[in-house]
Amino acid sequence: MTAQIIDGKQVAADMRAELKDEVAKLKEQGVVPGLGVVLVGEDPASQSYVRAKERACEDIGIYSDDNRLQADISQEDLMALVEKMNNDPKINGILVQLPLPKGLNEAEVLLAIDPAKDVDGFHPMNVGKMVVGEKAFRPCTPHGVIQLLLRSGVTLEGAEVVIVGRSNIVGKPLANMLSQKNATGNATVTVCHTRTKDLAAHTKRADIVIAAAGRPNTVTADMVKEGVVVIDVGVNRVEDATKKRGYRLVGDVDFEAVKEKASFITPVPGGVGPMTITMLLYNTVESAKRAAGLLE
Ligand code: GUN
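About the criteria used
- Residues numbered from 1 in each chain as written.
- Predicted model: local features only at pLDDT ≥ 70, side-chain atom pairs only at ≥ 80, totals over all residues.
- Heavy atoms only, no water.
- Helix = DSSP H or I, 4+ residues; strand = E, 2+ residues; numbered from the N terminus.
- Rg over C-alpha atoms; globule rule 2.2 N^0.38 Å.
- Buried < 20%, exposed > 50% of the residue type's maximum accessible area, 1.4 Å probe, protein only.
- Contact = heavy atoms within 4.5 Å.
- Lys, Arg positive; Asp, Glu negative; His and termini not counted.
- Charge placed at Lys NZ, Arg CZ, Asp CG, Glu CD.
- Pairing = 2+ DSSP bridges.
- Near = heavy atom within 4 Å.
- Polar contact = N/O pair within 3.5 Å; in protein donor to acceptor, adjacent residues only side chain to side chain.
- Areas by Shrake-Rupley, 256 points an atom, 1.4 Å probe, with all protein chains shown as cover.
- Nonpolar A, V, L, I, M, F, W, Y, C, P; charged D, E, K, R; others polar.
- Core = buried A, V, L, I, M, F, W, Y, C linked by side-chain atoms within 4.5 Å.
- Right-handed = clockwise from strand over helix to strand, strands pointing away.
- Axes fitted to C-alpha atoms, helices over the stretch in contact; angles between N-to-C directions.
- Parallel < 35°, antiparallel > 145°, perpendicular 65-115°, else oblique.
- Left-handed = near helix turned anticlockwise from the far one by under 90°.

Details of the overall build of the chain
Working step 1: Of the regular secondary structure elements, the chain holds 10 helices and 11 strands.
Working step 2: For 296 residues, the compact-globule estimate of 2.2 N^0.38 gives 19 Å, and the C-alpha radius of gyration of the chain, at 19 Å, lies within 12% of that figure.
Working step 3: The dimensions of the chain, computed from C-alpha atoms along their principal axes, are 55 × 45 × 35 Å.
Working step 4: A total of 296 residues make up the chain; the buried ones form 52% of that total.
Working step 5: Expressed as a percentage of contacts within the chain between residues at least 6 apart in sequence, the contacts between residues at least 24 apart total 69%.
Working step 6: Charge-centre separation for the chain: the mean point of 35 positive side chains lies 3 Å from the mean point of 39 negative side chains.

A short note on the pairing of strand β7 (residues 208–211)
Working step 1: Alternating positions in β7 separate into two faces, Ile208 and Ile210 on one and Val209 and Ala211 on the other, with burial throughout.
Working step 2: In this structure, strand β5 (residues 160–164) lies alongside β7, joined through 4 bridges in parallel fashion. Within β7, the position partnered with valine 162 by the bridge is valine 209.
Working step 3: With 4 bridges connecting them, β7 and strand β8 (residues 229–232) associate as parallel partners. Bridging across to β8, isoleucine 210 finds its partner in isoleucine 231.

Brief notes about the site of the ligand
Working step 1: Residues in close proximity to the ligand include Tyr49, Leu95, Val96, Gln97, Leu98, Asp120 and Phe122, which together make up its full environment.
Working step 2: Between the ligand and the protein, one listed contact pairs a nitrogen atom with a backbone N or O atom of valine 96 at 2.9 Å.
Working step 3: Between a nitrogen atom of the ligand and a side-chain N or O atom of aspartate 120, the distance comes to 2.6 Å.
Working step 4: Taking 280 Å² as the accessible area of the ligand by itself, protein coverage stands at 86%.
Working step 5: A breakdown of the residues in the shell around the ligand according to their chemical character gives 5 nonpolar, 1 polar and 1 charged.

Quick look at the nonpolar core
Working step 1: Counting residues in each nonpolar core, the largest one holds 51 residues, and the members touching the most others are Leu178, Ile208 and Ile210.
Working step 2: For this core, the leading source of residues is helix α10 (residues 273–291), giving 7 residues.
Working step 3: Cys192, Ala200, Ala211 and Val219 belong to the second largest nonpolar core, which has 19 residues in total.

Focus on the pairing of strand β6 (residues 188–192)
Working step 1: As paired strands, β5 and β6 are joined by 5 bridges and run parallel to one another. Bridging from a neighbouring strand, valine 164 pairs with cysteine 192 of β6.
Working step 2: Each parallel crossover has a hand, and the one from β5 via helix α7 (residues 171–179) to β6 is right-handed.

Here we look at the sheet that holds strand β3 (residues 63–69)
Working step 1: Spatially, 3 strands are ordered β3-β2-β4 in an open sheet, and the strand pairing comes out parallel. The sheet is open, and its two edges are formed by β3 and β4 (93–96), each paired on a single side. With strand direction ignored, the average angle separating the axes of adjacent strands in the sheet is 15°.
Working step 2: By the bridge criterion, 4 bridges tie strand β2 (residues 34–40) to β4 in an arrangement that is parallel. Counted as the bridge partner of valine 37 is leucine 95 from β4.

Comments concerning the packing of helix α2 (residues 44–60) against α10
Working step 1: Relative orientation of the contacting elements α2 and α10 amounts to 50°, with a least axis distance of 10 Å. Classified by the angle their axes make, α2 and α10 are oblique. As for the relative orientation of α2 and α10, their crossing is right-handed in sense. Between α2, through Tyr49, Ala52, Lys53, Ala56, Cys57 and Ile60, and α10, the contact on the second element is made entirely by Ile277, Leu280 and Leu281.
Working step 2: For the contact of α2 with α10, a count of residues per class yields 8 nonpolar, no polar and 1 charged.

Observations concerning the sheet that holds β6
Working step 1: In spatial order, the strands read β1-β11-β8-β7-β5-β6; together these 6 strands make up an open sheet with parallel pairing. Where the open sheet ends on each side, the last strands, each with one partner, are β1 (4–5) and β6.
Working step 2: Relative to the sheet, α7 contacts β5, β6 and β7, its axis offset from that of β5 by approximately 170°.

Listed below in structure tokens is the structure:
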């Protein structure tokens, strides 16, 4: 079997077109969704994420308040900026790009963001609400993964899902969302990690494998069954002298070999990546609608 490639760029473009229409309609009612973005320091991967977020906001008509700060900013000044955005009615979503440089207290900053503007879904209040099945902002990458599966026609109900990786941003929330008793859940989920004894024994029986370990070749063809659905969340830089920039991006999955066994697979780049920003835009629009009293 050769897999159907799940085109994340296309799914993201479809969803962004829907959002762009929605934003235009909101503007007619005097509502302009706004996103406050905070980037501290010079990390190149973070800089490119943030640039992509700003372009995406501009493209669909979301107001974006961009704050680029020196790596040596004090905790107090960063907290004051978050507080200012909490109180700014033009801002419906606040995004503090992670990781923060050493010396800054990330947990304290995330806790300071108004949960009603926490479009990343990282605030413990939103994490807790999600776990107990209440309405809450869902974190963007896991939500994007679920959208890719659903929009590709993959059945989640009753599926054996194996997630490789237990991060707070991807593995843990994804496991929770996929096991909820609702239309985006109802799967049977196993979370594997660095202490898992026999990773292949788990992945081999999975209907859906989601790789979010942050290491190339974590999932190889001998580790999956024929017809498996594979979602690759990994983004790894590997040296490549043939490229002008000296590296290329690969996921956590041995794409070329695994695609010969899978029924569906996401590429890297062009799979999950474009969905993360799309779900951030989605959450920002939802937040603006709620602030304007257009949602319950
Ligand atoms: N760093 C890597 N991914 C993300 C994300 O989705 N949100 C934030 N805030 N930081 C990140």
